[in-house]
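Spelled out, the chains give:
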Amino acid sequence: MQVSINADLQAQQLTITLTDVDWKEIQERSFYQSELQVQQIVTTVGREPTRQLLERHDTSTPTIRREGQTW
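The model shown is predicted, which means the values in this text are computed figures rather than measured ones. (Residues numbered from 1 in each chain as written. Predicted model: local features only at pLDDT ≥ 70, side-chain atom pairs only at ≥ 80, totals over all residues. Heavy atoms only, no water.)

Would you take a moment to explain the pattern of salt bridges for this structure?
A side chain of one charge can pair with a side chain of the opposite charge when the charged atoms of the two come close. This model, assessed by the stated rule, comprises 4 salt bridges. Put simply, Glu 48 and Arg 51 hold a salt bridge, and the shortest N to O gap is 2.5 Å. Of this pair, Glu 48 and Arg 51 both sit in helix H2 (residues 31–57), 3 residues apart, which is roughly one turn of the helix. Residue class for Glu 48 comes out buried when judged on its relative accessible area of 15%. Judged by its relative accessible area of 36%, Arg 51 is partly exposed. Between Arg 66 and Glu 67 there is a salt bridge, and its shortest N-O distance comes to 3.9 Å. Connected through shared salt-bridge partners, Glu 48, Arg 51 and Glu 55 make up one network. (Salt bridge = Lys/Arg side-chain N within 4 Å of Asp/Glu carboxyl O. Helix = DSSP H or I, 4+ residues; strand = E, 2+ residues; numbered from the N terminus. Buried < 20%, exposed > 50% of the residue type's maximum accessible area, 1.4 Å probe, protein only.)

Given below as structure tokens:
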């Protein structure tokens, strides 16, 4: 499954496109199996904007200290 995100900053809108998803096949499975597949889709969709945020805020500092904790 591939996820792509297109941001329209002026409209404050994100368009998320999923490819390689057979929705018809997912719907024909048992409810439990379909639900598991939907959870996987949601997780995959969540990874892409998180990845983009991490890239934008990535730092070369090996550790970060904040509020007395080291990360």
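Sorry, what's going on with H2 here?
Structurally, the α-helix is built with 3.6 residues per turn, so residues lying three or four positions apart point the same way. Between its terminal C-alpha atoms H2 stretches 39 Å, which fits the 39 Å expected from 27 residues at 1.5 Å a residue. What H2 keeps buried is the set Ser 34, Gln 37, Ile 41, Thr 44, Val 45 and Glu 48. Buried residues in H2 make contact with strand S1 (2–8), strand S2 (13–19) and helix H1 (23–28). (Expected span 1.5 Å × (residues − 1). Contact = heavy atoms within 4.5 Å.)

Would you mind showing me how to read the layout of surface pockets here?
Any empty space left between the atoms is revealed when a probe the size of a water molecule rolls over them. Here the largest pocket is characterised by a volume of approximately 170 Å³. Lining the largest pocket are Ile 5, Asn 6, Ala 7, Leu 14, Pro 49, Gln 52, Leu 53 and Arg 56. Looking at the lining of the largest pocket, the elements that each hand over two or more residues are S1 and H2. If you tally residues by element for the lining of the largest pocket, the top one is H2, at 4 residues. Across the lining of the largest pocket, the residue classes tally to 5 nonpolar, 2 polar and 1 charged. (1 Å grid on protein atoms, 1.4 Å probe; cavity = no way out; pocket = protein on both sides within 12 Å on 5 of 7 lines; lining within 4 Å. Points joined across faces, edges and corners; volume = space filled by probe spheres on them. Nonpolar A, V, L, I, M, F, W, Y, C, P; charged D, E, K, R; others polar.)

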